[in-house]
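Here is what each chain is made of, one letter per residue.
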Amino acid sequence: MSKRAGIVGAGIAGARCAGLLAEAGWEVDVFEKSRGAGGRLSTRRLENGWATLGAPLVSAARAPFRAQLDTWAREGGLVPVTGGLVGRANKGWAQAGLEHHYRVAVEPSRLVRQLSGSARVYPATRVSAVRPHALVLEDGRALEGYDRVIVGVPAPQAVALLDALPTLKERLAGVHYRPVWSFLMRWEGGPEADVIRFEDHLLALAVRQTGGGEGLWAVHSTHGFAETYLDAHEMEASTRGASALMGLLGLPWPVEVEASHLWRYARPENPVGHGWIDAPDAGAVLIGDGIAGVGVERAWESGTGAAQAILQAA
Ligand SMILES: Cc1cc2nc3c(=O)[nH]c(=O)nc-3n(C[C@H](O)[C@H](O)[C@H](O)COP(=O)(O)OP(=O)(O)OC[C@H]3O[C@@H](n4cnc5c(N)ncnc54)[C@H](O)[C@@H]3O)c2cc1C
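Residues numbered from 1 in each chain as written. Predicted model: local features only at pLDDT ≥ 70, side-chain atom pairs only at ≥ 80, totals over all residues. Heavy atoms only, no water.

A. Looking closely at the overall build of the protein. Scanning the protein from terminus to terminus reveals 9 helices and 21 strands. Computed over its C-alpha atoms, the radius of gyration of the protein comes to 20 Å, within 12% of the 20 Å expected for a compact globule of 314 residues. Seen through its principal axes, the protein has C-alpha atoms that stretch 65 × 40 × 35 Å. By the burial criterion, 53% of the 314 residues in the protein qualify as buried. Of the contacts made within the protein by residues no fewer than 6 positions apart, 68% connect residues no fewer than 24 positions apart. Carbon and sulfur atoms make up 49% of the accessible area of the protein, which amounts to about 14,200 Å² in all. Within the protein, one finds 31 positive and 33 negative side-chain charges whose respective centroids are separated by 2 Å. (Helix = DSSP H or I, 4+ residues; strand = E, 2+ residues; numbered from the N terminus. Rg over C-alpha atoms; globule rule 2.2 N^0.38 Å. Buried < 20%, exposed > 50% of the residue type's maximum accessible area, 1.4 Å probe, protein only. Contact = heavy atoms within 4.5 Å. Areas by Shrake-Rupley, 256 points an atom, 1.4 Å probe, with all protein chains shown as cover. Lys, Arg positive; Asp, Glu negative; His and termini not counted. Charge placed at Lys NZ, Arg CZ, Asp CG, Glu CD.)

B. The arrangement of the packing of helix H2 (residues 63-74) against helix H9 (residues 296-313) in detail. Two elements in contact, H2 and H9, have axes separated by 10 Å at closest approach and are oriented at 105°. The angle between H2 and H9 places the two elements in the roughly perpendicular class. Contacts from Pro64, Phe65 and Gln68 in H2 reach Val296, Glu297 and Trp300 in H9. Looking at side-chain class alone, the contact of H2 with H9 contains 4 nonpolar, 1 polar and 1 charged residues. (Axes fitted to C-alpha atoms, helices over the stretch in contact; angles between N-to-C directions. Parallel < 35°, antiparallel > 145°, perpendicular 65-115°, else oblique. Nonpolar A, V, L, I, M, F, W, Y, C, P; charged D, E, K, R; others polar.)

C. Fine view of the side chain of Thr43. Tracing the sequence through the fold places Thr43 in strand E3 (residues 43-46). In terms of polar contacts, Thr43 uses its side chain to reach the side chain of Glu107, at 2.8 Å. Among all residues touching Thr43, those that are not within four sequence positions of it are Trp50, Ala51, Thr52, Leu53, Glu107, Pro108 and Ser109. (Polar contact = N/O pair within 3.5 Å; in protein donor to acceptor, adjacent residues only side chain to side chain.)

D. Geometry of the site of the ligand. Contacts to the ligand come from 34 residues, most closely from Glu32, Arg40, Val127, Asp289 and Val296. Glu32 has a polar side-chain atom sitting 2.6 Å from an oxygen atom of the ligand. Take Gly39: an N or O atom from its main chain is 3.5 Å from an oxygen atom of the ligand. Counting only elements with at least two residues in the shell around the ligand, the list comes to helix H1 (12-23), strand E19 (256-268) and H9. At 3 residues, the largest contribution of residues to the shell around the ligand is made by E19. Class assignment of the residues belonging to the shell around the ligand gives a composition of 16 nonpolar, 12 polar and 6 charged. Inspection of the shell around the ligand shows a minimum of three residues originating in each of domain 1 (4-37 + 116-175 + 271-313) and domain 2 (51-105 + 177-268). (Near = heavy atom within 4 Å. Domains from an automatic or database assignment.)

E. Main features of the pattern of salt bridges. This model, assessed by the stated rule, comprises 18 salt bridges. Here Arg103 makes a salt bridge to Asp194, at a shortest N to O gap of 3.6 Å. Of this pair, Arg103 sits in strand E9 (residues 101-104) while Asp194 is found in the loop between strand E15 (177-186) and strand E16 (195-198), placing the two residues 91 residues apart along the sequence. This pair shows no difference in class: Arg103 is buried, exactly as Asp194 is. The shortest N-O distance in the salt bridge between Arg178 and Glu269 comes to 3.7 Å. Residue Arg178 is located in strand E15, and its partner Glu269 is located in the loop between E19 and strand E20 (277-279); the two are separated by 91 residues in the primary sequence. Linked through salt bridges whose partners overlap, the residues forming this network are Arg4, Glu27, Asp29 and Arg120. (Salt bridge = Lys/Arg side-chain N within 4 Å of Asp/Glu carboxyl O.)

F. Quick look at the packing of H1 against H9. It is the contact of H1 with H9, at a shortest axis distance of 8 Å, that shows an interaxial angle of 30°. On the basis of the axis angle, H1 is roughly parallel to H9. You can see that H1 and H9 cross each other, and the crossing is right-handed. Across the interface between the two elements, Ile12, Ala13, Arg16, Cys17, Leu20 and Leu21 from H1 touch Val296, Ala299, Trp300, Gly303, Thr304, Ala306, Ala307, Ile310 and Leu311 from H9. Of the residues assigned to the contact of H1 with H9, the class counts are 12 nonpolar, 2 polar and 1 charged. (Left-handed = near helix turned anticlockwise from the far one by under 90°.)

G. Layout of H2. For H2, spanning 12 residues, the distance from its first C-alpha to its last is 16 Å, which sits close to the expected 16 Å at 1.5 Å a residue. All buried positions along H2 are accounted for by Phe65, Gln68, Leu69 and Trp72. Along the axis of H2, the buried residues cluster in a sector spanning 95°; they form a single face. Every exposed residue of H2 that faces more than 90 degrees away from the buried side is listed here: Ala63 and Arg74. (Expected span 1.5 Å × (residues − 1). Arc of directions from axis to C-beta.)

Put into structure tokens, the structure is as follows:
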């Protein structure tokens, strides 16, 4: 009989882990609370396309993920960043070092979904608790008999699921995430670039979108801005963001804000620092950036490493 895994979260860590286990013949169920895969790589649908509200850039520092990005780039899913600037209008711009950085040219949720291969993904299905070898869904159903249950969600969300696994819960107690406000903004003029890193305390980054029509950018706040506007209405946060942007770019034109999103758990400040955490007695594994470290590459590596270790142990 094939081995069975139940995975919480179809972000890049969960999807990658799911795909590798399924490829090795495991029966894999992935439960995702949102309507689709992607997690913090998800996008916003627009009338004329889509745009990134989550991670707008991917990059690889190490060979395995570099090979993954090369594959996606060859298939047309990623485009290399060609022009990046750092600075602010009144102090001048310098070239930003963005070698091996890519923007997404197809919806990243599709790339993430592809990673999960033949695993069964259940969208709009929230897990409310994780128990040894079992998951409990929000509607109260308990799904038992998994050889492994794998939790691939931000650490504070994982903590809420782990009452029945206190030792694992304890391991995550110190992991804090910092927030980011993310805006889709459209403007004319400004510096010629694909990516702008701001030297500023309010805004961190702007990335020109590959779709969604002319002049559409994803603009990200600093963590400090998001902490100040954590409970603000999106109108207040986006108005402040737009006025900061006009100052930073020296824009003569009004900036249109087309969407706003607050990511409460954008990046872990103090991840555990191991690729994954395995509790074989309970059949439970923790993966994701809160365990492995900040960024898409670490999250992918976490899903990869956990799947390889599980397969080896089996
Ligand atoms: C605004 C922003 C900008 C970023 N910029 C970059 C960047 O430029 N470069 C970079 O490398 N990284 C960047 N990151 C970080 C990067 O996106 C993350 O490190 C990475 O995507 C984390 O992947 P993950 O699989 O660990 O978690 P996630 O992507 O968060 O996936 C977790 C999934 O679990 C689901 N979930 C949560 N709870 C439950 C539950 N109870 N039941 C079922 N499903 C659940 C969530 O809906 C989500 O889909 C950025 C992040 C943000 C928010």
